[in-house]
Structure formats: C-alpha cells, structure tokens
There are 2 protein chains.
Amino acid sequence: MEIKTAVPLLAALAQESRLAIYRTLVAAGSGGLAVGRIGEQLQVAPATLSFHLKELSHAGLVTSRQEGRFIYYSANYTAMNELLAYLTENCCAGQPCTPAPPCCNPPCD
Amino acid sequence: MEIKTAVPLLAALAQESRLAIYRTLVAAGSGGLAVGRIGEQLQVAPATLSFHLKELSHAGLVTSRQEGRFIYYSANYTAMNELLAYLTENCCAGQPCTPAPPCCNPPCD
DNA sequence: TCCATGATTCTATGATTATCGAAATATTGA
DNA sequence: TCAATATTTCGATAATCATAGAATCATGGA
C-alpha cells in the first residue's frame, strides 16, 4: 500500500461518527445494515449519516448494495486488513515480525 | 480502548506529513531520530515539523528525549499495538480471530 | 559572556471538514 | 398515477487544520 492510499483510509476512520458507523458495520457482519438502522443505533441525522457513509465508501472501507427501497452498507474487511498490514510494515527495522496478517482474512462470516 | 482514545490516534496518522514522520521513526527503531534529521529526510520546514511532532506526541504515538541540543523522537510501539487491537476488535461478530496481537509486542529493537 | 545551532512558539492565512435543514431522487405498493 | 418511505444532494455555517515566516527559547562551545 502507498501512503497516498493509507491517508484517506485513516482519515475516514479518524472521526467519531464514522468510526462508530464502521464498527457498527463490522459488528453487523457481511450482511450489512440499512442506512435507517444505522441511524437508529447511532442517533445520527440522515443527511449527516449519508455524508459519512459516502466518505467511508469513497475510502473503500464499506460497500453498499441496494435491496428494494433499502441500501445496505457493509464493512470491507479486505481494506482494513491491508491498512493494518501497512501500519505494521517496517515496524521492526524491516524484519518481519507478524507471521500472519492480523484480523480476519478471509472474513469469517 | 475507547473510541475517544482511538479517534485522536487515527487523526494523528491521517495526514501525509505525519504518517511519513511516524513511519520514518518506526523504521529508525527505538533509538529515535533528531528533529533535524527527520526534516532532512522528509523535506519539511522546521515549524511545520515541530507542529506535526507535537500532534504525534500529544496523541501518544511518539516520545521524545533531549540529548544536548538535540531532541530525539521515537515511535511508541505500544500505542500502535493498542490501536491495532482496537481496530480488529469485534471484527468477526465478537469471535476472537487473531491469536496474538499484531506487530511487535514487546518492540524488538 | 557571547555566538552559533537546534527546536519550538507565535501569528496569520488559506483550505478542508462536520453538521443539518430543506429540497430532490428513487422505489414500492395501493 | 399517487402517496409513502428511504436515501441522497444542495447549500449555508461554524469549526478545525496545515503551512511557514518571524520571533523566541535552550544548549553547548569559544
């Protein structure tokens, strides 16, 4: 991963509402959650929520799919795993020190 | 870790200059690097560099020690490991999926 | 004590970001 | 087609952030 890729990912997570949204989606599993359900859980106004989902989506941390009137958002585990790998890169002067990539790879549900 | 703790850590890393600084310090190992050396490597003006180091330091991602006229900054591996643990928490609907915390714990140089 | 060097603080400026009300768009069922 | 519901876009506002020149502070050597 390039630094130019990592910065937008980190920026997307570096905001309380968005981190909460992301974690809610992570906890929800790969089925995802409709926008309205996220809003209910986190008490965020629709326009604000939409703004943050767009940010997360643009960063590649979440994906969406339409189902009838609902749009389901779900966490993209791969993006997070790549970010974690980037952050732990060179952590010991170039010596590999993590045998396996952290977290779920492949996603486990 | 609380979300209120994680956000400032992520925000500190979510900026190209700071992420570059942090990674330079990670690569430098626990001995750290004097401010001037960091500036040389990354081509950042002293005032700007000082601003970013303060941010990283305030977030707890780096520590500093004075040695004569020089101030050496070094990466705080523990803070990063705690952040990584937080980000991977609940990643599989609450099932633990990472046997050991990612990266160096304890730091290996 | 004075000077040179390393680093930080002050200050101003331009840019980006978060929030949310109101309006617009999209989909479904009647 | 029309009404109801779900979500997004628009627009305005307030707040935060990044940058760097100039001034200041701290340390060590002459």
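All residue numbers here refer to positions counted from 1 along the written sequence of the relevant chain. Chains carry letters and ligands carry numbers; both start at the beginning, A for chains and 1 for ligands, and go up in the order they are written. Side-chain atom pairs in this predicted model are given and counted only at pLDDT of 80 or more, local residue features only at pLDDT of at least 70, and totals for whole chains, interfaces and linings cover all residues. Side-chain metrics in this entry use all non-hydrogen atoms of the structure; hydrogen atoms and water are not considered.

### Some remarks on the overall build of chain A
As a reminder of what qualifies: By definition, any uninterrupted DSSP run of H or I lasting at least four residues is a helix, any uninterrupted run of E lasting at least two residues is a strand, and each is numbered from the N terminus. Residues count as neighbours in contact if any of their non-hydrogen atoms are within 4.5 Å of one another.
Within chain A, the secondary structure is distributed over 5 helices and 3 strands. Mapped in sequence order, the helices and strands of chain A form the string α-α-β-α-α-β-β-α. When contacts within chain A are restricted to residue pairs at least 6 apart in sequence, long-range pairs at least 24 apart make up 59% of them.

### Describing the protein's contact with DNA strand C
The following threshold applies: Here a residue is near a molecule or strand as soon as one of its heavy atoms is found within 4 Å of it. Think of a polar contact as two N or O atoms within 3.5 Å of one another; within protein, one of them needs to be a possible hydrogen donor and the other a possible acceptor, and neighboring residues in sequence only count if both atoms come from side chains.
Taken together, the neighbourhood of DNA strand C is formed by 21 residues, with Arg18(A), His52(A), Gly36(B), Ser50(B) and Tyr73(B) sitting nearest. Taking all atoms of DNA strand C within 4 Å of the protein, the share assigned to sugar and phosphate is 69%. Take His52(A): an N or O atom from its side chain is 2.4 Å from a phosphate oxygen of DNA strand C. Going through the elements one at a time, helix 2 (16-28) and helix 4 (46-59) of chain A together with helix 3 (35-42), helix 4 (46-59) and strand 3 (70-75) of chain B are the ones with two or more residues in the surface near DNA strand C.

### A word on the sheet that holds strand 2 (residues 62-67) of chain A
All names here are of chain A. Filter applied, for reference: Should DSSP find at least two bridges between two strands, the strands are taken to pair. Simply put, an axis is a line fit to the C-alpha atoms, just over the touching stretch for a helix, and the angle between two N-to-C directions goes from 0 to 180 degrees.
In spatial order, the strands read 1-3-2; together these 3 strands make up an open sheet with antiparallel pairing. Two strands lie at the open edges of the sheet, namely strand 1 (33-34) and strand 2, each paired on one side alone. Direction of pairing for strand 2 relative to strand 3 (residues 70-75): antiparallel, over a ladder of 6 bridges. Bridge assignment links Gln-66 to a residue of strand 3, and that residue is Ile-71. Lying on the sheet, helix 2 is in contact with strand 1, strand 2 and strand 3; it crosses strand 3 at an angle near 90°.

### Digging into the environment of Ala34(B)
Examined against the element boundaries, Ala34(B) turns out to sit in strand 1 (residues 33-34). Along the chain, Ala34(B) and His52(B) lie 18 residues apart, while their C-alpha atoms are 14 Å from each other.

### Comments concerning the protein's contact with DNA strand D
To keep it simple, the criterion reads: The classification used treats Ala, Val, Leu, Ile, Met, Phe, Trp, Tyr, Cys and Pro as nonpolar, Asp, Glu, Lys and Arg as charged, and all other residues, Gly among them, as polar.
For DNA strand D, the set of nearby residues contains 21 residues, the closest of which are Gly36(A), Ser50(A), Tyr73(A), Arg18(B) and His52(B). A share of 73% of the atoms of DNA strand D within 4 Å of the protein falls on sugar and phosphate groups. Contact between DNA strand D and Arg18(B): a phosphate oxygen at 2.9 Å from a side-chain N or O atom of the residue. For the surface near DNA strand D, the secondary structure elements donating two or more residues are helix 3 (35-42), helix 4 and strand 3 of chain A together with helix 2 (16-28) and helix 4 of chain B. Taken together, the residues that form the surface near DNA strand D break down as 9 nonpolar, 8 polar and 4 charged.

### Observations regarding the packing of helix 1 (residues 3-13) of chain A against helix 2 of chain B
Defined as follows: An angle below 35 degrees is treated as roughly parallel, one above 145 as roughly antiparallel, one from 65 to 115 as roughly perpendicular, and anything else as oblique. By definition, any crossing whose near helix is turned counterclockwise from its far helix by less than a right angle is left-handed, and any crossing with a clockwise turn is right-handed.
It is the contact of helix 1 of chain A with helix 2 of chain B, at a shortest axis distance of 10 Å, that shows an interaxial angle of 115°. With respect to helix 2 of chain B, the axis of helix 1 of chain A lies roughly perpendicular. Where helix 1 of chain A crosses over helix 2 of chain B, the handedness of that crossing is right-handed. Every residue of helix 2 of chain B that contacts helix 1 of chain A at Ile3(A), Lys4(A), Ala6(A), Val7(A) and Leu10(A) is listed here: Glu16(B), Leu19(B) and Ala20(B). The class makeup of the residues in the contact of helix 1 of chain A with helix 2 of chain B is 6 nonpolar, no polar and 2 charged.

### Concerning unusual backbone geometry
The phi dihedral of Gln43(A) is positive, around 60°, even though this residue is not glycine. Relative to the elements of secondary structure, Gln43(A) occurs in the loop between helix 3 and helix 4.

### Some remarks on the packing of aromatic side chains
By convention here, two paired aromatic rings are described through the distance between centres and the angle between planes. Applicable threshold: Aromatic pairs are defined between Phe, Tyr and Trp rings, using the six-membered ring for Trp, whenever the two ring centres lie within 6.5 Å; interplanar angles under 30 degrees are classed as stacked, those over 60 as edge-to-face, and all others as tilted. Should the NZ of a Lys or the CZ of an Arg lie within 6 Å of a ring centre and within 35 degrees of the ring normal, that charge is described as sitting over the ring.
Enumeration over the complete set of coordinates arrives at 1 aromatic pair over all chains. Pairing Phe70(A) with Tyr72(A) gives two aromatic rings, centres 6.5 Å apart and planes at 50°, and the pair type is tilted. Here Arg23(A) stacks its cationic end above the ring of Tyr86(B), 3.8 Å away from the centre of that ring.

### A word on the pattern of salt bridges
To keep it simple, the criterion reads: A pairing counts as a salt bridge when a side-chain nitrogen of Lys or Arg comes within 4 Å of a carboxyl oxygen of Asp or Glu. Buried, partly exposed and exposed residues are distinguished by accessible area as a fraction of the type maximum, computed with a 1.4 Å probe on protein chains only: under 20%, between the cut-offs, and over 50%, respectively.
All chains considered together, the criterion is met by 8 salt bridges over all chains. With a shortest N-O distance of 3.2 Å, Glu16(B) and Lys4(A) are connected by a salt bridge. Taken as a pair, Glu16(B) in helix 2 and Lys4(A) in helix 1 lie in two separate chains rather than in one. A residue is classified by how much of its surface remains accessible, and Glu16(B), at 34% relative accessible area, is partly exposed. Glu40(B) is paired through a salt bridge with Arg37(B); the nearest N and O atoms lie 3.1 Å apart. Remark: Arg37(B) and Glu40(B) occur in helix 3; sequence separation between them is 3 residues, near one turn of the helix. A relative accessible area of 54% places Glu40(B) in the exposed class.

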